[in-house]
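Notes for the structure review
What follows is the residue order along each chain.
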Amino acid sequence: MKRIVVFASGSGTNAENIIKYFATTKMATVTHVFTNNPNAKVIDKAKNNQVLTTIFSKEDLFEGKVTLQINEIKPDLIVLAGFLLKFPQNIIEAYPDKIINIHPALLPKYGGKGMYGMHIHRAVVDNKEIETGITIHYVNENYDEGNIIFQKKVALLANDTPEDVAAKIHELEQEHFPVIIENWLTTNR
């Protein structure tokens with residue numbers, strides 16, 4: 001069975017969706033959730049689904065402690081699901097093309113440092129975009145610049161609020177992220 005490690009910093013809705021999706025398969029399992037936020041709701045969601053959780057500091061991440069913990073797990077894939085810190089180069093080098101992220105916009109638009117969550121949705125509305133979507137991409141040394149694996153668009157209405165955009169994006173994330181992970185695990189070794 002393939003092993004997935006998830007990194008998340010917030011509510012954990014995508015992490016929980018991935019955990020539950022793979023709990024119904026025999027191909028993979030989420031073995032561990034890592035978070036840098038001791039107050040993140042993802043902690044309870046992981047525990048409620050019997051998934052081990054590690055809370056770490058920024059220093060732990062960038063000084064190699066987290067890398068050692070990941071190496072002990074030997075994951076087939078590392079998934080960033082609402083993880084807000086820049087991912088360290090040493091983990092990227094240790095797991096080339098085995099770290100993916102989901103971004104709540106159609107990259108390269110609305111990517112980069114500080115572009116996450118409602119910041120993106122407000123920018124999309126302020127710029128009067130007629131569509132937005134999700135991007136699943138490989139993680140590299142720069143925010144949101146890794147090669148794109150998958151994108152899905154959704155139409156926007158002229159009167160959509162940032163909250164409306166967030167709801168549309170959440171629906172796309174829930175529908176597509178686990179399936180793209182499964183496809184990746186099926187075609188990559």
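Just above, that's the structure.
A brief structural summary. Note on numbering: residues in each chain are counted from 1, in written sequence order. pLDDT decides what is reported in this predicted model: residues at 70 or higher carry local features, side-chain atom pairs at 80 or more are listed and counted, and totals for whole chains, interfaces and linings draw on all residues regardless. Hydrogen atoms and water are omitted, and side-chain values are computed over all heavy atoms in the structure.

Let's talk about the sheet that holds strand 1 (residues 2–7)
Strand pairing in a sheet relies on backbone hydrogen bonds. The paired strands run either parallel or antiparallel. Taken together, the 7 strands give an open sheet; going across it, the order is 3-2-1-4-5-6-7, and neighbouring strands pair in mixed fashion. Two strands bound the open sheet, and with one partner strand each, they are strand 3 (52–55) and strand 7 (148–155). For this sheet the average axis-to-axis angle between neighbouring strands, irrespective of direction, equals 20°. Note: strand 2 (residues 28–35) against strand 3, 4 bridges, orientation parallel. Across the sheet, Phe 34 pairs through a bridge with Thr 54, a residue of strand 3. Residue contacts are defined here by distance: any two heavy atoms, one from each residue, within 4.5 Å place the two residues in contact. Helix axes are fitted only over the stretch in contact, all axes being lines through C-alpha atoms; the angle between N-to-C directions runs from 0 to 180 degrees. Helical segments are the DSSP runs of H or I of at least four residues, strand segments are the runs of E of at least two, and each set is numbered from the N terminus. Across the sheet, helix 4 (residues 65–73) is in contact with strand 1, strand 2, strand 3 and strand 4 (77–80); its angle to strand 2 comes to roughly 170°. Strands strand 1, strand 2, strand 4, strand 5 (99–103), strand 6 (131–138) and strand 7 of the sheet are contacted by helix 7 (residues 162–187), whose axis makes an angle of about 30° with strand 6. Criterion used throughout: strands pair if DSSP finds at least two bridges between them.

Some details on the side chain of Asn 17
Residue position: Asn 17 is located in helix 1 (residues 13–23). Not counting residues within four places of it along the chain, the set of residues in contact with Asn 17 comprises Glu 173, Gln 174 and Pro 178.

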